[in-house]
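Each chain is listed here by its residues.
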Amino acid sequence: MPSIAPRTLKRTVLVLLLAIPVAGGVAMKATGQFWRVKQVVSGILAHFAPPNVRWQTAAPTTEGLNPTALNSMRDGLAKRGTTALLVIRGGRLVYEWYSILSGPNQRHYTAALAKAVIGSMVLQADLTAGHLRLNDPAWKYIPQWKSDPVRSRIRIRDLAFHTSGIADVDFFSGEAGKLKGWKADYYNHPGARFNLAIDQVPILFPPGTRYRYSGIGYYALADAITASLRDGADRDIRSLYRDRVMRPLGIPEAAWQLSYGTAYHADGMTLYACGSGGSVTARAEARIGELLLKHGQWNGRTVLNPYWVREMLSGTRALPYTPDPNGKPQPVPSGGWWLNTTDAWPALPRDAIAGEGAGDQIVLIIPSLDMVVVRQGSALAQQKDQDADHFWATTSRWIFQPLMRAVVGPSTEGNGTTVQSATAPLHLPE
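Residues numbered from 1 in each chain as written. Predicted model: local features only at pLDDT ≥ 70, side-chain atom pairs only at ≥ 80, totals over all residues. Heavy atoms only, no water.

Visitor: I'd love a proper account of the overall build of the protein chain, names of residues and values included.
Guide: A count of helices and strands for the protein chain gives 13 helices and 14 strands. Within the protein chain, the fraction of its 430 residues that count as buried is 53%. For the protein chain, long-range pairs separated by at least 24 residues make up 66% of all intrachain contacts whose partners lie at least 6 apart in sequence. With the model as given, the accessible surface of the protein chain reaches about 18800 Å², and the carbon-plus-sulfur share is 53%. (Helix = DSSP H or I, 4+ residues; strand = E, 2+ residues; numbered from the N terminus. Buried < 20%, exposed > 50% of the residue type's maximum accessible area, 1.4 Å probe, protein only. Contact = heavy atoms within 4.5 Å. Areas by Shrake-Rupley, 256 points an atom, 1.4 Å probe, with all protein chains shown as cover.)

This is the structure in structure tokens:
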């Protein structure tokens with residue numbers, strides 16, 4: 001775990017930071033090197049900053065984990081662009097590592113992981129507050145859809161579970177300048193994405209009949225959630241996330257950012273993206289994972305209603321399951337998360353849950369092992385890897401398999417104790 005740097009090290013870094021402008025002068029500023037060096041030095045200082053999200057800590061051995069195996073896992077990940085690795089077991093932080101340019105308070109981009117650690121949480125908070133229901137028709141909050149014969153069939157559940165039929169945009173094609181029409185507008189103008197999602201993006205299949213990933217659907221979801229808040233105390237998605245999720249978890253605003261740090265305005269509402277554009281510290285992501293592991297409970301307080309936690313992690317029920325083209329099982333999508341109920345990750349227990357994003361951002365929850373794992377960084381795969389084009393195979397090789405080799409015993413709370421509450425009957429909240 002990182003510790004506070006000695007005063008001599010802090011003085012050295014600060015002297016370097018102050019000396020750079022003098023030594024480099026105008027030439028460094030002209031080439032941009034000055035700002036790059038300043039960024040590096042700032043990263044080093046962040047590495048030694050006191051954590052703003054506090055965790056109780058314990059040695060790995062007290063929670064049934066082999067520290068040598070964890071170090072081996074870390075060594076492999078450190079060579080593949082990893083900037084943060086955290087392991088929580090028994091509700092305590094047992095392993096924490098950061099690259100020299102990262103630290104406990106360093107926010108990292110989430111990419112699509114935002115759908116799990118932001119979008120899913122915002123929706124569960126809204127459901128807990130009673131503002132909407134998963135099976136509500138989305139037109140209750142997006143009135144333009146009420147008279148549309150297809151869009152009127154889209155439910156809130158469909159937007160969250162990627163079963164709405166709403167088309168998507170390939171951002172890699174956008175980077176290459178290959179998009180045209182509404183897709184180019186969507187890629188190039190983030191502020192227009194809400195209206196495009198509602199008014200222009202085509203529907204590819206009858207809502208609720210199949211799964212197809214749609215990041216655009218999460219813009220429609222954000223619009224619907226915001227509309228559901230019109231007459232409540234929570235004014236917008238950002239305040240809902242802050243007051244009903246992050247503050248109860250002891251996570252300060254400095255530890256997270258959503259919607260590319262920007263608010264958008266339409267139809268008299270202040271809108272924030274909740275499925276992309278997020279950045280969150282590793283400690284904060286781990287706290288979110290622990291909240292779901294405990295079925296919405298934190299420090300004796302119900303932050304999220306356990307009923308809605310279970311519903312959001314129940315998978316795309318009653319839909320046909322499709323393996324990948326090679327016939328291998330795929331994890332089941334579930335409200336921004338992925339489930340191992342198909343044994344798609346054979347190294348892990350079948351109750352494992354994961355949120356993921358580009359660059360192999362991972363929040364892994366294993367209820368039967370009472371464990372949460374966070375990995376941040378750049379993409380794990382390298383061109384020489386045989387599995388470089390298969391996200392989950394790469395993740396399994398470098399995270400899932402090494403992690404399970406480190407498990408040598410139960411946690412202090414006992415394997416499975418945190419999931420017993422999930423077996424009790426849960427009723428739809430009034």
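Visitor: Lay out the sheet that holds strand E7 (residues 279–280) in plain terms, naming residues and giving numbers.
Guide: Taken in spatial order, the three strands line up as E3-E7-E4 in an open sheet, and their pairing is antiparallel. Strands at the two margins of the open sheet, each flanked by one partner only, are strand E3 (108–109) and strand E4 (256–257). (Pairing = 2+ DSSP bridges.)

Visitor: For the confidence of the model for the protein chain, give the residues involved together with the corresponding values.
Guide: Residues of the protein chain with pLDDT of at least 70 account for 82%, and the chain-wide mean is 87. This stretch, residues 1–8, has a pLDDT under 50; its non-local contacts, to residues over four places away or in other chains, come to 15 contacts. A low-confidence stretch, residues 14–28 stays under pLDDT 50, and its non-local contacts, those more than four residues away or across chains, total 13 contacts. (pLDDT = per-residue confidence, 0-100.)

Visitor: I'd like to hear about the sheet that holds strand E12 (residues 353–357), residue by residue, with values.
Guide: Picture the strands of a sheet paired through backbone hydrogen bonds; they go either parallel or antiparallel. Pairing is antiparallel across the open sheet formed by seven strands, whose spatial order is E2-E1-E14-E13-E12-E11-E10. Two strands close off the open sheet at either side, each with one partner strand: strand E2 (92–98) and strand E10 (332–334). Averaged over all pairs of adjacent strands, the angle between their axes in this sheet comes to 20°, without regard to strand direction. Summarising the sheet, strand E1 (residues 82–89) and strand E14 (residues 371–377) pair through seven bridges and their orientation is antiparallel. Within E14, the residue paired with alanine 84 across the bridge is glutamine 376. Taken strand by strand, helix H3 (residues 67–78) contacts E1, E2 and E14, and its axis lies near 155° from that of E1. Relative to the sheet, helix H11 (residues 282–293) contacts E1, E2, strand E11 (337–339), strand E13 (361–366) and E14, its axis offset from that of E14 by approximately 150°. (Axes fitted to C-alpha atoms, helices over the stretch in contact; angles between N-to-C directions.)

Visitor: Describe H11, with residues and values.
Guide: For H11, which comprises twelve residues, the first-to-last C-alpha distance of 16 Å matches the rise-based estimate of 16 Å (1.5 Å per residue) to within 8%. Extensive coverage of H11 is indicated by the burial of twelve of its twelve residues. Taken residue by residue, H11 has Ala282, Arg283, Ala284, Glu285, Ala286, Arg287, Ile288, Gly289, Glu290, Leu291, Leu292 and Leu293 as its buried positions. Phi for histidine 295, located one or two positions after H11, is positive at around 55°. (Expected span 1.5 Å × (residues − 1).)

Visitor: So what about the pattern of salt bridges? Which residues, and what values?
Guide: All chains considered together, the criterion is met by 13 salt bridges. Among the salt bridges present, the one from arginine 74 reaches aspartate 75, with a minimum N-O distance of 2.9 Å. According to the relative accessible area criterion, arginine 74 is partly exposed, its value standing at 22%. Since its relative accessible area comes to 36%, aspartate 75 is described here as partly exposed. Among the ionic pairs, arginine 155 bridges to aspartate 158, the shortest N-O distance being 3.0 Å. Put simply, Arg238, Arg242, Asp243, Arg247 and Glu253 are held in one network by salt bridges that share partners. (Salt bridge = Lys/Arg side-chain N within 4 Å of Asp/Glu carboxyl O.)

Visitor: So, the packing of helix H4 (residues 114–129) against helix H9 (residues 215–228): which residues are in play, and what are the values?
Guide: It is the contact of H4 with H9, at a shortest axis distance of 11 Å, that shows an interaxial angle of 30°. On the basis of the axis angle, H4 is roughly parallel to H9. The handedness of the crossing between H4 and H9 comes out as left-handed. Contacts from Lys115, Gly119, Val122, Leu123 and Asp126 in H4 reach Gly215, Tyr218, Leu221, Ile225 and Ser228 in H9. Grouping the constituent residues of the contact of H4 with H9 by class yields five nonpolar, three polar and two charged. (Parallel < 35°, antiparallel > 145°, perpendicular 65-115°, else oblique. Left-handed = near helix turned anticlockwise from the far one by under 90°. Nonpolar A, V, L, I, M, F, W, Y, C, P; charged D, E, K, R; others polar.)

Visitor: Give a description of the packing of aromatic side chains that names residues and reports values.
Guide: A complete count under the given rule lists 13 aromatic pairs for this structure. With 6.1 Å between their ring centres and 80° between their planes, tryptophan 55 and tryptophan 298 make a pair best called edge-to-face. One end of the pair, tryptophan 55, is in the loop between helix H2 (33–47) and H3; the other, tryptophan 298, is in strand E8 (residues 297–298), with 243 residues separating them in the sequence. Take tryptophan 55: its relative accessible area is 10%, and that puts it in the buried class. Classification of tryptophan 298 as buried rests on a relative accessible area of 11%. Relative to tryptophan 392, the ring of tryptophan 345 has its centre 4.9 Å away and its plane inclined at 45°; by these criteria the two rings are tilted. Linking tryptophan 345 in the loop between E11 and E12 with tryptophan 392 in helix H13 (residues 391–406), this pair joins segments that are 47 residues apart in sequence. Tryptophan 392 carries the same exposure label as tryptophan 345, and that label is buried. Joined through ring pairs, the aromatic side chains of Phe171, Tyr186, Tyr187, Phe194, Tyr219 and Tyr264 make up one cluster. Over the ring of tyrosine 218 we find lysine 115, and its NZ or CZ is 5.6 Å from the ring centre. Lying over the aromatic face of tryptophan 55, arginine 287 brings its terminal NZ or CZ to 4.3 Å of the ring centre. (Phe/Tyr/Trp six-rings, centres within 6.5 Å; stacked < 30°, edge-to-face > 60°. Lys NZ or Arg CZ within 6 Å of the ring centre and 35° of its normal.)

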